[in-house]
Amino acid sequence: MGLHGSGALRLLLGRIVAAAEPPSRAALAASTGLARATVSVAVDQLVAGGLVAELAPVLTRRAGRPAVPLVPAAGTVAGVGLEVDGAYTGVRVVDLTGEVLAEAVDYGDQRGADPVVVVDRLVALLDPVLTALADQEVRVCGATVAVPGLVGTDGQVRLAADLGWHDVDLPTLLRTDPALARLDPVVDNAADLAAAAELRVRPDDSFVYVCGETSLGGAVVVHRELLAGQRGWAGALGHLVVDPTAHSHEGTLDALAGPDALLRAAGIDPTARAPALVAALEADDLKARAAVVRAGQALGLALASVVNLTDVPTVVLGGAYWSLADRLAPHVLTELRRRVVFAPWTEFTVDQAAAGDLPSLTGAAWASLGRVLDDPAAFCAARD
């Protein structure tokens, strides 16, 4: 393989970060087709640049030197993930090992909040985190902000109905803060970032992802690639119409099965969030049970159309649906088996998400780390 310089650094760092077992230089040469000398020089650069660390040598069955396993360096470079949601603002910092180095979440109803006020809340969360990272000599490579809505490729928030935002120039607002401006913040869709976080920990290479904390969002992943659409607006599952007789938004999936709608149908204040509904279900509350059945049926009806269109038979429930997955799954599966044209030849799966709590924050932090993974040479040079 004729790959040298920055290309070799990018390839090798990506392999080391993604590896289930720490590879050696020899293993990397064998798996990439790069010359051993090229691998050795590139790995030395990554180690010197603080992006890769060497573990203690281990003996192998082959004659010669012991193999030196290579792992992502811990606590040297980190990406910042920020999130604005109707129910909270948050920050999460992740290093190349996937370890969360810092986190802060401020819960509170933000629906209808002024974007300037929301940015101030983000900054209030972020400032002490950045100070602590600087004290620990952690290099921060950038920031990504997750927003539940239509986000243009330029970062403009065209619509975030949950927040009451229309055509908000969020990138400019973020850059009014000097600390954020230095991180060159990028704005992206929260569901897409959550799906990207799920993709890192899920063996399936294709799935339909359903999430949201106050309104319903989603994403579709096919062969490990997110279906973003022409303008990055694909995956707006909450806006699928499941009741054409209803007026406007009232007939959408979000209106019938979104987190807020589900809580209201169960007779629970939406600000109490999913744990209150779980408690009602565990107490065998009839109204809560009926609300979950209706929501599961609406989800199944909408997702059947998505599966018919994409041929992706795996559904992953995250966000507010994570704790309800086992109760929603039977109703979703019933509708999929009833309405998907290729159901007789297909095994459907409805799974609980595996990426943990607030996955959009994790996805946003990894998106920021993408700057290191895409151009490790720049970060190695910056350390010299």
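Our structure is the block above this text.
A. How the structure looks around the overall build of the protein chain. Check the secondary structure of the protein chain and you find 14 helices and 15 strands. Relative to its length of 384 residues, the protein chain is compact, with a C-alpha radius of gyration of 23 Å against a globular reference of 21 Å. Structurally, the protein chain occupies a C-alpha span of about 70 × 55 × 40 Å along its principal axes. By the burial criterion, 51% of the 384 residues in the protein chain qualify as buried. As displayed, the protein chain has an accessible area near 17,400 Å², and 53% of this comes from carbon and sulfur atoms.

B. Up close: the pattern of salt bridges. For the structure shown, the criterion picks out 16 salt bridges. With a closest N to O distance of 3.4 Å, D167 and R158 form a salt bridge. The structure contains a network of salt bridges with shared partners spanning E198, R202, D204 and D351.

C. Highlighting the sheet that holds strand 13 (residues 225-226). Within the open sheet, the five strands sit side by side as 13-12-11-14-15. Their pairing is mixed. The sheet terminates laterally at strand 13 and strand 15 (349-352), the two strands that pair on one side only. Bridge count between strand 12 (residues 217-222) and strand 13: two bridges; the pairing is antiparallel. Residue pairing across strands places V221 opposite L226, the latter belonging to strand 13. On the sheet, helix 12 (residues 325-339) packs against strand 14 (314-317) and strand 15 and is oriented at approximately 165° with respect to strand 15.

D. How the structure looks around empty space enclosed by the protein. This structure, assessed with the given rule, holds one cavity of 30 Å³ or more. Lining the largest cavity, in full, are E213, P259, L262, L263, R273, A274, L277, A320, Y321 and L324. Taken together, the elements giving at least two residues each to the lining of the largest cavity come down to helix 9 (259-265) and helix 10 (273-282). For the lining of the largest cavity, a count of residues per class yields eight nonpolar, no polar and two charged.

E. Structural context of the pairing of strand 12. Across the six residues of strand 12, five count as buried, placing the element largely inside the fold. With five bridges connecting them, strand 11 (residues 207-211) and strand 12 associate as antiparallel partners. Within the sheet, the bridge partner assigned to Y209 lies in strand 12 and is A219. Counting the residues that bridge the hairpin from strand 11 to strand 12 gives five residues, and of these G212 lies at a positive phi of roughly 130°. Turn length for the strand 12-strand 13 hairpin, with the two strands adjacent in sequence and antiparallel, is two residues, and the turn residue H223 shows positive phi of about 50°.

F. Representation of the environment of L82 in the model. Considering the arrangement of structural elements, one finds L82 in strand 3 (residues 77-84). Under the relative-accessibility criterion, L82 is labelled buried at 0%. Separated by 155 residues in sequence, L82 and L237 place their C-alpha atoms 23 Å apart. With sequence-adjacent residues up to four places away left out, L82 is seen in contact with G90, V91, L122, L126, A143, T144, V145, A146, L180, L361 and A364.

G. Representation of the nonpolar core in the model. Within the largest apolar cluster, 43 residues are counted, with the highest numbers of intra-cluster contacts made by V210, L277, L299, L303 and L336. Breaking this core down by element, the ones donating at least two residues are strand 11, helix 8 (253-257), helix 9, helix 10, helix 11 (286-310), strand 14 and helix 12. Among the elements that line this core, the one with the most residues is helix 11, at eleven residues. If we skip the residues at most four places from it in the chain, L299 touches V210, L216, L253, A257, Y321, L328 and V332. Counting 34 residues, the second largest nonpolar core, distinct from the first, contains V84, V118, L126 and V151.

H. Inspection of unusual backbone geometry at higher detail. Positive phi is not limited to glycine here, since R273 has a value of about 65°. Note on placement: R273 falls in helix 10. Despite not being glycine, D311 shows a phi value in the positive range, around 60°. Summarising the element assignment, D311 is placed in the loop between helix 11 and strand 14.

The rules behind these values
Residues numbered from 1 in each chain as written. Predicted model: local features only at pLDDT ≥ 70, side-chain atom pairs only at ≥ 80, totals over all residues. Heavy atoms only, no water. Helix = DSSP H or I, 4+ residues; strand = E, 2+ residues; numbered from the N terminus. Rg over C-alpha atoms; globule rule 2.2 N^0.38 Å. Buried < 20%, exposed > 50% of the residue type's maximum accessible area, 1.4 Å probe, protein only. Areas by Shrake-Rupley, 256 points an atom, 1.4 Å probe, with all protein chains shown as cover. Salt bridge = Lys/Arg side-chain N within 4 Å of Asp/Glu carboxyl O. Pairing = 2+ DSSP bridges. Contact = heavy atoms within 4.5 Å. Axes fitted to C-alpha atoms, helices over the stretch in contact; angles between N-to-C directions. 1 Å grid on protein atoms, 1.4 Å probe; cavity = no way out; pocket = protein on both sides within 12 Å on 5 of 7 lines; lining within 4 Å. Points joined across faces, edges and corners; volume = space filled by probe spheres on them. Nonpolar A, V, L, I, M, F, W, Y, C, P; charged D, E, K, R; others polar. Core = buried A, V, L, I, M, F, W, Y, C linked by side-chain atoms within 4.5 Å.

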